[in-house]
Amino acid sequence: MAIIRPFQCLRPEAGVAHRVAALPYDVYNRKEAKTEVEREPLSFLKIDRAETSFDDSVDTYAPEVYQRAKELLERDIADGIYERDESPAYYIYELVMDGRSQTGLVACAAVEDYVNNVIKKHENTREDKELDRITHVDTCSAQTGPIFLAYRSEQVINDVVNKWKKKEPLYNFTAVDGIIHRVWKIDSSEDIERIYNAFEKIQEIYIADGHHRAASAVKVGLKRKSENENHTGDEEYNYFLSVLFPHDQLMIMDYNRTVKDLNGLSEEEFMNKVKQSFSIETSEEAVRPARKGQFGMFLDGQWYILTAKPELFEGTDAVGSLDVSILQDYLLAPILGIGDPRTDERIDFVGGIRGLSELERRASEDMKISFSMYPTSITELFDVADQKLLMPPKSTWFEPKLRSGLFIHEI
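Predicted, not measured: the structure shown is a model, and the values here were computed from it. (Residues numbered from 1 in each chain as written. Predicted model: local features only at pLDDT ≥ 70, side-chain atom pairs only at ≥ 80, totals over all residues. Heavy atoms only, no water.)

A. Region of interest: the overall build of the protein. Helices and strands together make up the secondary structure of the protein, namely 13 helices and 21 strands. In terms of overall size, the protein behaves like a compact globule, its C-alpha atoms giving a radius of gyration of 23 Å where 411 residues would be expected to give roughly 22 Å. Along the first, second and third principal axes, the C-alpha atoms of the protein reach 70 × 50 × 45 Å. Looking at the protein as a whole, 55% of its 411 residues qualify as buried. The long-range fraction of contacts in the protein, counting pairs at least 24 apart against all pairs at least 6 apart in sequence, stands at 77%. Carbon and sulfur atoms make up 45% of the accessible area of the protein, which amounts to about 18,200 Å² in all. (Helix = DSSP H or I, 4+ residues; strand = E, 2+ residues; numbered from the N terminus. Rg over C-alpha atoms; globule rule 2.2 N^0.38 Å. Buried < 20%, exposed > 50% of the residue type's maximum accessible area, 1.4 Å probe, protein only. Contact = heavy atoms within 4.5 Å. Areas by Shrake-Rupley, 256 points an atom, 1.4 Å probe, with all protein chains shown as cover.)

What follows is the structure, encoded as structure tokens:
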């Protein structure tokens, strides 16, 4: 059973929510983050990336940077930018991108459920990336970037959410990137209980995106537990900020690949090797794969359709049958020599949001060959996590991105 509970939210005043809401901290490099904070001084990014308050001589991870984040948050609270709700509640968070809506529930998930694998993972985390957010959460005593969780759709929860979406929203704004954000507050004790009880019957929750933020929140919670000799289990540090989406609301976009060279092969030699595992046909148009097992390939100004031979999928587990695995195991590694895509500087990854024209541009400028992918499905993600396996790197690209700063969970 999953413990998904309401919380007492610290959130921006309605008139400035559109200015506060910020894309996740890790989508920006330092220069980009500074530019964004200069453009919008109320952006939560100034707290998420407090190094933007310093010149570039100050290390991004210096102690004074985290202290500055704490000071900025406390100042904004004192200035009335944020308000603290009087009682615990659930929140509904709808995002609309290109006319497509997805609606999640903002709540707090249990650290214990993460530890006991009720909340399932499909990625490894890196300690250095965890340490940054551990220090940020611990110094600010607040979780500021929600974890993107998914669960198999449950009608009871859907009914409550749909009922409250008919009311007037707390927030309703369009961000500078065109994404519409709407938020409602569920503060009826009866509906809070219905949601809580419905989640208690759900056996698995999945991290869709935000593995490092989740691991960091959990480690802060466990640290504070070890330091509190009067620990009861009900303290706020035992829970972490999340937005939970039913699986049928989510869309995973393609996460494409581009490679610097043909690994010393001529084009003819390369094509002959590819034909051993894939059928190849030319295309007059840019190729967006139409089904699993199909890939687009752009080389020397020409698009091709690659179709994996059926035997490549035989006897494979949930990871081996992923399209990203098929391309890696039968083309990128054995033919192009990309042994570890996590570390090999000859390969780069292009989120589907950038479109096929970006793959053409890269293969024509700084790279040699690009591949377009059929998106990993949410069912495939669930299967990998259920089998306690790990996704290959850059398997999923979720859009639209959850904003930080709209919901803050104080610990």
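B. Main features of the pattern of salt bridges. Counting across every chain of the model gives 37 salt bridges. Taking the shortest distance from any N to any O, the salt bridge between Glu94 and Lys165 comes out at 3.3 Å. Here Lys165 lies in the loop between helix 7 (155-164) and strand 9 (171-174) and Glu94 lies in strand 4 (residues 90-97), a separation of 71 residues in the sequence. Assessed through its relative accessible area of 7%, Glu94 is described here as buried. Notably, a salt bridge pairs Asp323 with Lys292, separated by 3.4 Å at the nearest N-O pair. You can see Asp323 sitting in helix 11 (residues 323-332) and its partner Lys292 sitting in the loop between strand 15 (278-283) and strand 16 (294-299), a full 31 residues away along the chain. Judged by its relative accessible area of 6%, Asp323 is buried. On the accessibility criterion, Lys292 (34% relative accessible area) is partly exposed. What you see here is one network of salt bridges that share partners, running through Arg11, Glu83, Asp85 and Lys185. (Salt bridge = Lys/Arg side-chain N within 4 Å of Asp/Glu carboxyl O.)

C. Region of the structure containing empty space enclosed by the protein. Enumeration over the complete set of coordinates arrives at two cavities of 30 Å³ or more. As a volume, the largest cavity reaches approximately 130 Å³. Elements with a minimum of two residues in the lining of the largest cavity: helix 6 (127-140), helix 9 (211-227) and strand 12 (239-246). Among the residues making up the lining of the largest cavity, the classes are represented as six nonpolar, six polar and three charged. (1 Å grid on protein atoms, 1.4 Å probe; cavity = no way out; pocket = protein on both sides within 12 Å on 5 of 7 lines; lining within 4 Å. Points joined across faces, edges and corners; volume = space filled by probe spheres on them. Nonpolar A, V, L, I, M, F, W, Y, C, P; charged D, E, K, R; others polar.)

D. Main features of the packing of helix 4 (residues 63-78) against helix 6. With their axes 9 Å apart at the nearest point, helix 4 and helix 6 run at an angle of 40 degrees to one another. Regarding the angle of helix 4 to helix 6, the classification is oblique. Like other packed secondary-structure pairs, helix 4 and helix 6 cross with a definite hand, here right-handed. Here Tyr66, Gln67, Ala69, Lys70 and Leu73 of helix 4 lie close against helix 6, whose contacting residues are Asp132, Thr135, His136, Thr139 and Cys140. Per-class residue counts for the contact of helix 4 with helix 6 are four nonpolar, four polar and two charged. (Axes fitted to C-alpha atoms, helices over the stretch in contact; angles between N-to-C directions. Parallel < 35°, antiparallel > 145°, perpendicular 65-115°, else oblique. Left-handed = near helix turned anticlockwise from the far one by under 90°.)

E. The arrangement of the nonpolar core in detail. Phe270, Leu331, Leu336, Phe371 and Phe407 are the most contacted members of the largest nonpolar core, which totals 69 residues. Look past the residues within four positions of Phe270 in its chain and what remains in contact with it is Leu262, Leu265, Met297, Leu299, Leu331, Ile335, Leu336 and Ile369. Tyr90, Ala107, Ala109 and Ala198 belong to the second-largest nonpolar core, a separate cluster that totals 33 residues. (Core = buried A, V, L, I, M, F, W, Y, C linked by side-chain atoms within 4.5 Å.)

F. View of unusual backbone geometry. With omega at -5 degrees, the peptide bond leading from Glu399 into Pro400 counts as cis. Within the element layout of this structure, Pro400 appears in the loop between strand 20 (397-398) and strand 21 (409-410). Phi at Asn117 takes a positive value of approximately 70 degrees, unusual for a residue other than glycine. Residue Asn117 is classed as partly exposed on the basis of its relative accessible area, which comes to 24%. One non-glycine residue, Lys388, lies in positive phi territory at about 55 degrees. Along the polypeptide, Lys388 turns up in the loop between helix 13 (378-386) and strand 20.

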